[in-house]
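Residue strings, one per chain:
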Amino acid sequence: MENEETKVMIGLEIHAYLDTKSKLFCSCPTNVNESKPNSLCCPVCLGHPGSKPVLNEKAVELGTKVGLALNCKINQDFFFSRKTYFYPDMSANYQITQYEIPLAGKGFVELGDKKITIRRAHLEIDPAALIHPSGMGQSNYVLIDYNRSGLPLIEIVTEPDLTTPDEAREFLITLENILSYLLVLKPETTLKADCNISINGGNRVEIKNISGFANAKKALTYEIKRQINETKLGKTIEQHTRAYNQETNTTIPLRKKETEEDYGYIFDPDLVKVNLTDEYLNKIKSSMPELPKEKIVRFIKEYNLSEYDAKVLCSDFELSNLFETIVKKGASPKITNQILTREFLSILNHDSLNFNQVKINETDIFDLVKLIESEKVSDKNVKESMINYISGDKTSPKSYLEKNNLLVDTTIDLDSIVISVIDANPKAKEDYKNGNEKTLNFLAGQIMRQTKGSAQIDKVLEKLKEKIN
Ligand SMILES: [Zn+2]
């Protein structure tokens, strides 16, 4: 195997949109998806000379939470710098970012037994969106939408501690999970990663702006093979920047990699230096929510789950919350876990679906768990009702089992249920006696509900007529 002797070093730079109402340095709103192009702009985010940026405190708060969750040292004194370059998506000709002192310094993320070092995490503005009407490289002109210009980003940079494309993908999934627990991510946005990769101590190649964790893995896998082949041909890998083409699953050269010096960073004189007081920092520390690692420990202890099951549940913020909501309604943790981690996730895997792509109702799962607890449904039918729920007509598992007569007919005392329903509805009894036949259906409905649909309707009607007089 060629890879066994190839030493691979991968470092990631991840960009995430912070969930603030206004942009990083102006009061323009951030709801760019629902807005007309170029409608959410002002002199500040358009980079007009003389306009004065003012730092958004919410972005600092969210960024600090990210730093703390990634075990970073928070730099309480920091400032912003201008990264100068010419490009139409950056009308001021510089990006306001952090260079010399980032908001968050060195930290780490645990990946199983391994610690991936975080070099830094800093705040910066997003550039405008360039729109190529006929597709990249196919258009005679490019449109620019400045709505995105100035949106608050956090950039998280790792050391090149990752050694395989799989590990890089796992890191991205783990990081996204931590960020989702923190509730700092702008909804309906995705993480974007720049992947730096070198083999056998050679030069670093950067693959820019990859969306999707599977794509990051594919791009890295391709790039390792490409670099191995180049080296075999006696070529030297030059330091440069590439782009990943999803359609061809290849990477293509973009430009020679700029060095940090090329950007001519300077302190932004329009912005003041920031000092986070101890009091402010302590307030944020005390408002930190439960993170995946803590939740796993709690789930094992509180719900008597295996470590494996707790990890699976807590690998998704929404899934872990769903589990807990159902259990708090009074369902068995063991059975709820089985339904969610075995049945549910295996259907998702089978159909290549994400948790967010399906609609799961806590009551539907609770009802199913209750049926299993009272031994009213076989394993086979549990599976069948869940498959229908996720990928079929979406009927709740309970309704599905009832409609298709798949519930086990546990020995029910129909006589006493019939009598109790008649006794509880004296008016319906009178109406029936006075010739209103329809009330019989009403009473039968009550009985069917009480027997959870496992009684025969003909038999119920017969019994009703017998007992009502
Ligand atoms: Zn603005």
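If you're wondering where the values come from, they're calculated on a predicted model, not measured in any experiment. (Residues numbered from 1 in each chain as written. Predicted model: local features only at pLDDT ≥ 70, side-chain atom pairs only at ≥ 80, totals over all residues.)

**With respect to the domain arrangement of the chain**
Domain parsing of the chain yields domain 1 (2-284), domain 2 (300-403) and domain 3 (414-468). Of note, the centres of domain 1 and domain 2, computed from C-alpha atoms alone, are 36 Å apart. (Domains from an automatic or database assignment.)

**Some details on the sheet that holds strand β3 (residues 81-84)**
The strand order β4-β3-β14 describes an open sheet built from 3 strands, whose pairing is antiparallel. Edge positions in the sheet fall to β4 (94-97) and β14 (266-267), since each has one partner strand and no second. Where β3 meets β4, 4 bridges bridge the pair, whose relative direction is antiparallel. Within the sheet, the bridge partner assigned to R82 lies in β4 and is I96. (Pairing = 2+ DSSP bridges. Helix = DSSP H or I, 4+ residues; strand = E, 2+ residues; numbered from the N terminus.)

**With respect to the environment of P29**
With respect to the helices, strands and loops of the structure, P29 is situated in the loop between β1 (8-17) and α1 (57-69). The exposure class of P29 is partly exposed, given the 15 C-beta atoms found within 10 Å. Along the chain, P29 and L151 lie 122 residues apart, while their C-alpha atoms are 8.9 Å from each other. Among all residues touching P29, those that are not within four sequence positions of it are K21, S22 and L40. (Buried ≥ 20, exposed ≤ 12 C-beta atoms within 10 Å, placed from the backbone. Contact = placed C-beta atoms within 7 Å.)

**Concerning the packing of helix α12 (residues 414-424) against helix α14 (residues 438-450)**
Relative orientation of the contacting elements α12 and α14 amounts to 130 degrees, with a least axis distance of 10 Å. Between α12 and α14, the angle is such that the two are oblique. Crossing handedness for the pair α12 and α14: right-handed. Between α12, through I417, V418, V421 and I422, and α14, the contact on the second element is made entirely by L443, Q446, I447 and Q450. Looking at the contact of α12 with α14, its residues break down into 6 nonpolar, 2 polar and no charged. (Axes fitted to C-alpha atoms, helices over the stretch in contact; angles between N-to-C directions. Parallel < 35°, antiparallel > 145°, perpendicular 65-115°, else oblique. Left-handed = near helix turned anticlockwise from the far one by under 90°. Nonpolar A, V, L, I, M, F, W, Y, C, P; charged D, E, K, R; others polar.)

**Thoughts on the sheet that holds strand β9 (residues 152-158)**
Pairing is mixed in the open sheet, where 8 strands are placed in the order β5-β6-β9-β1-β10-β11-β12-β13. Of all strands in the sheet, those with a lone pairing partner are β5 (107-111) and β13 (250-256), marking the two edges. Here the strands of the sheet are splayed against their neighbours by 30 degrees on average, with no regard to which way each runs. By the bridge criterion, 7 bridges tie strand β6 (residues 114-125) to β9 in an arrangement that is antiparallel. The residue bridging R120 from the neighbouring strand is V157, located in β9. On the sheet, α1 packs against β5, β6 and β9 and is oriented at approximately 170 degrees with respect to β6. The sheet contacts of helix α2 (residues 165-182) involve β1, β5, β6, β9 and β10 (192-199), and relative to β5 the element is tilted by about 110 degrees.

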